[in-house]
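Each chain, written out:
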Protein chains: 2
Amino acid sequence: MKNLLDGIEEILLMGPGPSCVPPTVYEALAKPTLGHLDPYFLTIMDSIKSMLQGLLNTKNALTVPMSGTGSAGMEACFVNLVEPGDPVLILTNGVFGRRMQDVAGRLGARVEALEFDWGKPVDLDQTSDALKKGPFSIVAVVHAETSTGVRNPVAEIGSMLAGTDTIYLVDAVTSLGGIEVRMDDWRIDALYSGTQKCLSCPPGLAPLSFSERATAKLNARKSKVPNWYLDLSLITNYWNQNRVYHHTAPVNMLYALYEALRLVLEEGPQAAFARHREAHEALVAGLEGMGLSMLVEKPFRLPMLNTVRCPDGIDELSVRRRLRQEFKIEIGGGLGPLAGKIWRIGLMGHTARRENVDRFLQALQAVLP
Amino acid sequence: MKNLLDGIEEILLMGPGPSCVPPTVYEALAKPTLGHLDPYFLTIMDSIKSMLQGLLNTKNALTVPMSGTGSAGMEACFVNLVEPGDPVLILTNGVFGRRMQDVAGRLGARVEALEFDWGKPVDLDQTSDALKKGPFSIVAVVHAETSTGVRNPVAEIGSMLAGTDTIYLVDAVTSLGGIEVRMDDWRIDALYSGTQKCLSCPPGLAPLSFSERATAKLNARKSKVPNWYLDLSLITNYWNQNRVYHHTAPVNMLYALYEALRLVLEEGPQAAFARHREAHEALVAGLEGMGLSMLVEKPFRLPMLNTVRCPDGIDELSVRRRLRQEFKIEIGGGLGPLAGKIWRIGLMGHTARRENVDRFLQALQAVLP
């Protein structure tokens, strides 16, 4: 029987995630599996938790990687915090804000969506006006909107919520590891991320953190969390010193996350952010030098997710196919109203290196007419 | 900074899962990550689906690995099939039947639990009587109860449901790959499993399959599935030919599952089942030769999960600690009413080999007074 795994080639991953994985993270994945209650494995779990707290700039005791991809992190935040009828304000300017509306709506939240143009940031004046219609139980926003390449003003929105009881919920899937995330300083109560973006780890885990305010809301629920698998009151009993078995942890994926976090902290978060910024600046200079134009205005651009307009008359899908087939480079297309109109070029984690930018620019030059 | 991964030792995993992982499955985990929409990765997905259909003995089009551990498979089956108020009968004789009650109850099902002693199989006469109180929307049972080592009569319960509209939901987490699972012949409508038992793959994925009857119930729902992440109507649109992006698939874990399934099919399922049976018989003979007694009566014993009573006056935890520390062997303790009273000795997948049985028996002999 033919083994398809023998045919896997190394592709330069410059799409919206997954990103390139460093050799030692692959090695970590392949370390011998330990039991999920093995004493040595428990020390690795403790270390993952403290490294996550460091990278998130938080003291939150409830800081754990959830056993699912980034979207499971989104599901986990909402399902633990929403009770039917709760008023929830979602600030939306892309696919992932829309997804939040869908997730919260399915859980019975009264969802109020404040929508902005895709490619523009969340506007603070309109947000301030919307907040006056509250109080809201939860206000949610995406830090780095992967569908558009926009950075939203997460710190400023957090300031607006000072002195209220509102839970502030932030998607940091694409931002964590590539730009600063200061959970405590920015008054964020519930945050989730993913491993396959700027942490340079394969997809499969969702780092999550809850503040004391969020944990108190969870503990004060009138009804059980309607999702046993993601119930944080049970999961924390495994990750804290009680070590009560909940579900079998994805042991080898956790090894990979351990190594990925260790690499970011070894390099230093500030150095990693600078590397993302420099790769981004080189990419934008190269694209603009070829006459292409960026979708997002300069102050709101993400370094790790670059959206560039396809020139008129170009079949964007055939460009992506040629990059993949002839140059072994993956980039992403647009989603929703941006489908067919933009390319999404990821410079996430291990991908964010000058040599990759140069290789991509040369390939694109060769493919464009 | 000290790297804890350097200190991971190879442990003989003879607990209730995870099980030992073959070298080529570790190698598969460490293959280069591809994008989740990469054309080559899509061929690997198709192959995983058809291998799962083969091992499950099903033609079900809706056959996918869910992006979470076995418990996410349980959650997925119930959350897609239960609508509030649905009457659900759960046949329970251990931890995992109890967990089904909790999961279904959180989703608003009217749960009727038929409970049996832990260590005894589900009784067919009592089940028949309970079914007369129906009709039930769903009848659920665990095939291989990992907490007790009992094999439940899954085929016979399926026969009782012939000619009804009832959805038959089966937990095959510990059985799949170690004993026969015939989804279509046994009239099973919804089934989930896990990767870390008899498939010899690290934990992190939950194979799942829905019959046409289950798929029709999903499609006829009056309300949206109250869980976006596990909504099978969205997930199948990624796994079928539409390839609509849902969430980023756990690519490297899927490589590992591919290789694990390939190994089972290369050996041949019947040969794998015989290997489990032979290892089990050698283990039981060895334990009984040492004067120990099995918890479960012979006709209902699982080959891959062996429960043996701790002798009076023995501190069961200190035995397990010594096995782990001095002999690098992991076994499990009892749960719930069996805590402190039994050991659970796994012979799952790659672990189910005579050399492992011999090594364990020698170690146990050395540790027991």
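Here is what the cut-offs are and how they apply
Residues numbered from 1 in each chain as written. Chains lettered and ligands numbered in written order. Predicted model: local features only at pLDDT ≥ 70, side-chain atom pairs only at ≥ 80, totals over all residues. Helix = DSSP H or I, 4+ residues; strand = E, 2+ residues; numbered from the N terminus. Contact = placed C-beta atoms within 7 Å. Pairing = 2+ DSSP bridges. Least-squares fit on C-alpha atoms with pLDDT ≥ 70 in both. pLDDT = per-residue confidence, 0-100.

**Looking at the environment of B:Leu335**
- Secondary-structure assignment places B:Leu335 in the loop between β13 (332–333) and β14 (342–346).
- When near neighbours in sequence (up to four residues on either side) are disregarded, B:Leu335 contacts B:Val95 and B:Ser147.

**Observations regarding the sheet that holds strand β14 (residues 342–346) of chain A**
All names here are of chain A.
- With respect to topology, 3 strands assemble into an open sheet ordered β11-β14-β13, the strand pairing being antiparallel. Of all strands in the sheet, those bounded by a partner on one side alone are β11 (305–309) and β13 (332–333).
- With 5 bridges joining them, β11 and β14 adopt antiparallel strand pairing. Residue asparagine 306 lies in a different strand from β14, and its bridge partner there is isoleucine 345.

**A look at the interface of chain A and chain B**
- With 61 residues of chain A at the interface, the matching set in chain B holds 61 residues.
- Taken together, the elements giving at least two residues each to the side of chain A that touches chain B come down to α1 (23–29), α2 (39–56), α3 (70–81), α4 (95–106) and α9 (251–267) of chain A.
- Tallying contributions element by element places α9(A) first for the side of chain A that touches chain B, with 8 residues.

**So, the relation of the copies chain A and chain B**
- Laying chain A over chain B is done by rotating through 180° and shifting 0.0 Å along the axis; what remains is an RMSD of 0.0 Å. Such a turn and shift between the copies fits a two-fold axis. Closest approach to the rotation axis among the C-alpha atoms of chain A is made by A:Gly68, whose C-alpha sits 2.6 Å away.
- A symmetric contact is evident, with 100% of the interface residues of chain A recurring at the interface of chain B.

**Brief notes about the confidence of the model for chain A**
- On average, residues of chain A score 97 in pLDDT, and 100% of them are at 70 or above.
- The complex prediction reports pTM at 0.98, with the ipTM value standing at 0.97.

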